[in-house]
Amino acid sequence: MREQLLPLVTEKARKYQLDPRLLDAIIQVESGYNPYAVRLESTYRYLHSPESFSKALKNSLATEKPMQRMSWGLGQIMGGTARYMGHKESLLKLSDPALNLEYCCRYLVKLKIVCKSDDDLIAAYNAGAARKDEQGRYLNQGYVDRVNALYLKE
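Computed from a predicted structure; not experimentally measured.

## With respect to the state of the cysteines
Summed over all chains, the structure comprises zero disulfides. In this model Cys-105 remains outside any disulfide bridge; the closest cysteine sulfur is found in Cys-104, 6.9 Å from its own. Unpaired in this structure, Cys-115 has its nearest cysteine sulfur neighbour in Cys-105, at a distance of 15 Å. Owing to a relative accessible area of 17%, Cys-115 belongs among the buried residues under this scheme.

Given below as structure tokens:
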């Protein structure tokens, strides 16, 4: 699947002036290039107007809330993040690789504004912010290391 989608990944990354190798590494770690990957993040709390989306899409609030707490597709973009960034259709559409990559790239660009390094960007993409412990290690250091192992290999 990776070989089929890599041209699209490169196209989207370049459109947003991102390093295609970084986006590729994130996707490998996040979903293994499975466009239908879905994961419930039950502790995710950044829901975006679930009541209004529930009403507009004619689905129940009991459906919209967990769908915003799910990470979707290639880049495992959170439903709530996609809503915040303007996605007004069914979150199921985030399984479309082109649409998913669009939101992932837009999110990376937003994070890049506040991140001081690639490691901060990688940590923030996964956790919403680049938080470190007392020893200066990211709270999600394992994730940062896995992405870097793919990103930095030459």
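Alright, that's what it looks like, and here's the rest.
## What about the layout of surface pockets?
The computed volume of the largest pocket comes to approximately 700 Å³. Lining the largest pocket we find 23 residues, and of these Tyr-44, Tyr-46, Met-78, Ala-127 and Gly-128 sit closest to its centre. For the lining of the largest pocket, a count of residues per class yields nine nonpolar, eight polar and six charged.

## What about the confidence of the model for the chain?
Summarising the model, the chain shows a mean pLDDT of 95, and 99% of its residues fall at 70 or more. Here helix α3 (residues 50–57) stands out as the element of the chain with the lowest mean pLDDT, 90, in contrast to helix α2 (residues 20–30), whose mean of 98 is the highest.

## Thoughts on helix α1 (residues 2–15)
Look at α1: 19 Å from first C-alpha to last across 14 residues, which is about the 20 Å you get at 1.5 Å a residue. For α1, the elements touching its buried residues are α2 and α6 (97–114). Where α1 ends, the next residue or the one after it, Gln-17, has phi of about 55 degrees, a positive value.

## Things to note about the environment of Leu-74
Along the chain, the position of Leu-74 falls in the loop between β2 (70–72) and β3 (77–78). Owing to a relative accessible area of 1%, Leu-74 belongs among the buried residues under this scheme. In sequence terms Leu-74 and Ser-95 are 21 residues apart; their C-alpha atoms lie 7.5 Å from each other.

Basis of the calculations
Residues numbered from 1 in each chain as written. Predicted model: local features only at pLDDT ≥ 70, side-chain atom pairs only at ≥ 80, totals over all residues. Heavy atoms only, no water. Disulfide = S-S within 2.5 Å. Buried < 20%, exposed > 50% of the residue type's maximum accessible area, 1.4 Å probe, protein only. 1 Å grid on protein atoms, 1.4 Å probe; cavity = no way out; pocket = protein on both sides within 12 Å on 5 of 7 lines; lining within 4 Å. Points joined across faces, edges and corners; volume = space filled by probe spheres on them. Nonpolar A, V, L, I, M, F, W, Y, C, P; charged D, E, K, R; others polar. pLDDT = per-residue confidence, 0-100. Helix = DSSP H or I, 4+ residues; strand = E, 2+ residues; numbered from the N terminus. Expected span 1.5 Å × (residues − 1). Contact = heavy atoms within 4.5 Å.

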